[in-house]
Amino acid sequence: MEAFEYARPASSREAVKMLASGNAEVLAGGSDLLQRMKDSVSTPGRLVSLRDARDLRGIEYSPAKGLRIGAMVTLEELAAQPDAHRHYRAVAQAAEKAASPQIRHVGTVGGNLCQRPRCWYYRNGFGLLAMQDGNSLIPNGENQYHAILGNSGPAYFVSPSNLAPALIAFDAKVRLLSASGSREIPLADLYVTPHSESDSEFSLKPGEIVAEVLVPPSEGSSAFYEVRQKANFDWPLATAAVALRMNGHTVKSARVVMGQVAPVPWRSPEAEQALAGKTIGADVADNAGKAAVEKATPLSRNAYKVTLARVAVKRAVLRAGVMEVA
Amino acid sequence: MTTTSASRREITFVVNGQPETVRVYPMERLLDVLRQNLKLTGTKEGCGEGECGACSVFIDGVLALSCLIPVAQAEGATITTIEGVVADPRFRALPEAFLEGGAAQCGICTPGMIMAAVHLLEKNPQPAMNEIREGLAGNLCRCTGYLQIMEAVAESARRSASA
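Calculation rules
- Residues numbered from 1 in each chain as written.
- Chains lettered and ligands numbered in written order.
- Predicted model: local features only at pLDDT ≥ 70, side-chain atom pairs only at ≥ 80, totals over all residues.
- Heavy atoms only, no water.
- Helix = DSSP H or I, 4+ residues; strand = E, 2+ residues; numbered from the N terminus.
- Rg over C-alpha atoms; globule rule 2.2 N^0.38 Å.
- Buried < 20%, exposed > 50% of the residue type's maximum accessible area, 1.4 Å probe, protein only.
- Contact = heavy atoms within 4.5 Å.
- Lys, Arg positive; Asp, Glu negative; His and termini not counted.
- Charge placed at Lys NZ, Arg CZ, Asp CG, Glu CD.
- Buried area = accessible area lost by both parts, 1.4 Å probe.
- Salt bridge = Lys/Arg side-chain N within 4 Å of Asp/Glu carboxyl O.
- Polar contact = N/O pair within 3.5 Å; in protein donor to acceptor, adjacent residues only side chain to side chain.

Colleague: What am I meant to see in the overall build of chain A here?
Modeller: A tally of helices and strands in chain A yields 12 helices and 14 strands. For chain A, the C-alpha radius of gyration of 19 Å lies close to 20 Å, the compact-globule estimate for 326 residues. For chain A, the spread of C-alpha atoms along the principal axes amounts to about 60 × 50 × 35 Å. Put simply, chain A has 326 residues, and 55% of those count as buried. Pairs at least 24 residues apart make up 63% of the contacts formed inside chain A by residues separated by at least 6 positions. Here chain A contributes 37 positive and 32 negative side-chain charges, whose respective centroids are spaced 3 Å apart.

Colleague: Explain the interface of chain A and chain B here, please?
Modeller: Accessible area lost upon the coming together of the parts serves often as the stated size of an interface. Each partner contributes to the interface: chain A provides 31 residues, whereas chain B provides 37 residues. Of the roughly 2,700 Å² buried between chain A and chain B, counting both surfaces, carbon and sulfur atoms make up 53%. The tally of links from chain A across to chain B stands at 1 salt bridge. For Glu75(B), the salt bridge is made with Arg8(A), and the minimal N-O distance between the two is 3.9 Å. Counting every contact that joins chain A to chain B gives 11 residue pairs in polar contact (both at pLDDT 80 or more).

Colleague: How should the pattern of salt bridges be read in this particular structure?
Modeller: Think of it this way: side chains of opposite charge can pair up when their charged atoms draw near. Residue and element names in this part refer to chain A. This structure, assessed with the given rule, holds 30 salt bridges over all chains. For the salt bridge of glutamate 60 with arginine 68, the shortest nitrogen-to-oxygen distance reads 3.4 Å. Note on glutamate 60: relative accessible area 40%, which makes it partly exposed. In this structure, glutamate 208 engages arginine 183 in a salt bridge whose closest nitrogen and oxygen atoms are separated by 2.8 Å. Of this pair, glutamate 208 sits in the loop between strand 9 (181–186) and strand 10 (209–215) while arginine 183 sits in strand 9, and the two are 25 residues apart along the sequence. Given the relative accessible area of 8%, glutamate 208 is considered buried.

Set out below in structure tokens:
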């Protein structure tokens, strides 16, 4: 590793001051960052630990305001939160399925939302877009885990956060903090598709951090479904989060957001349309899955992911449609 | 408080009930500090990437991977390693069940498996097989095929119930 400074400020306000200058990175749980530093994929000049920033911890729920999740809340804390299970089931399911018990104890909500892509070109030093002589190596390369939607180029990696699609299905917002103040944006707008190697996949300004996640009140039913190669502790190949607002037995409106299929969490208006006004059943769920991947454009080696994404949406719809499934 | 990685500094924590002060670089892995500075070599390095669980320790009561924890993040923490667990009479049944059940072959994964099993049994003293699977999901074994390990955890739970 390169030499760098390490700082452990006592509050988020102090932390963002330290992030304002120089080549600084924020250290939350460290599970992703430490790996990137060991592989020299990231070489920050200064690390700012949020461990002592108490104001970034805590989960609070109220029926009027919804759920507020501090960025330093661990995945395990979120997975164990009874209100998250009761009112935002897809979010709790995504948290309890993430990684392994050891990593859930240390990994944070902010870190999960802001982790860098798992793309093996990126992790092996080819850059986020893996450009060589003006072309990306990915479309004709080892692209079996890459994007099937939103992949017209030059970005082909997939957004790795498994919490993001579930939170976006509830129209969550994030409060961002920097030395110059704080602002709230829809979580969906945190993610952007880079167009050049110097672009980021986040809309964060330099020195800005995610301070908290704000999820509006929800009365509907929801579910999250992951397709993985292994039953436990594996990066998902495709995920789907579905949140339904019901009118009796009929879907009033639906949110369908897929993960691991595009450079950003991928909302599917086509699937949402296929659910609106319907009663949830096998055919309706199947149609929603088909609609979700209608516009998929698989690369040379990842056509199988189209099927997996379709099935993820179908099963998430079925789970969300049955209120009392554990 | 700001330090640079080019300089060592003193970090204090409690390991297996013992207060310890080490002079280390802040981003050294907790794993290396435990093994090299404190000679607690029961904690193993398997993959060094957070995949295998061999380096599992308890930090402030929470099961975590010491290969992914910069030592500076453990400042002031209470740490328990496999050495602390096997010295604790409450957990005696677990290593015994591993030995008797052939749940260890090369032995690299065993300390981490036992740490994960302790964590599981503390939360859930009589886990079902699928709960044992989930509890050990973050721990890889390349020898046994897992069946003996899961059976050893189940056996340990049975013995604790009848003790």
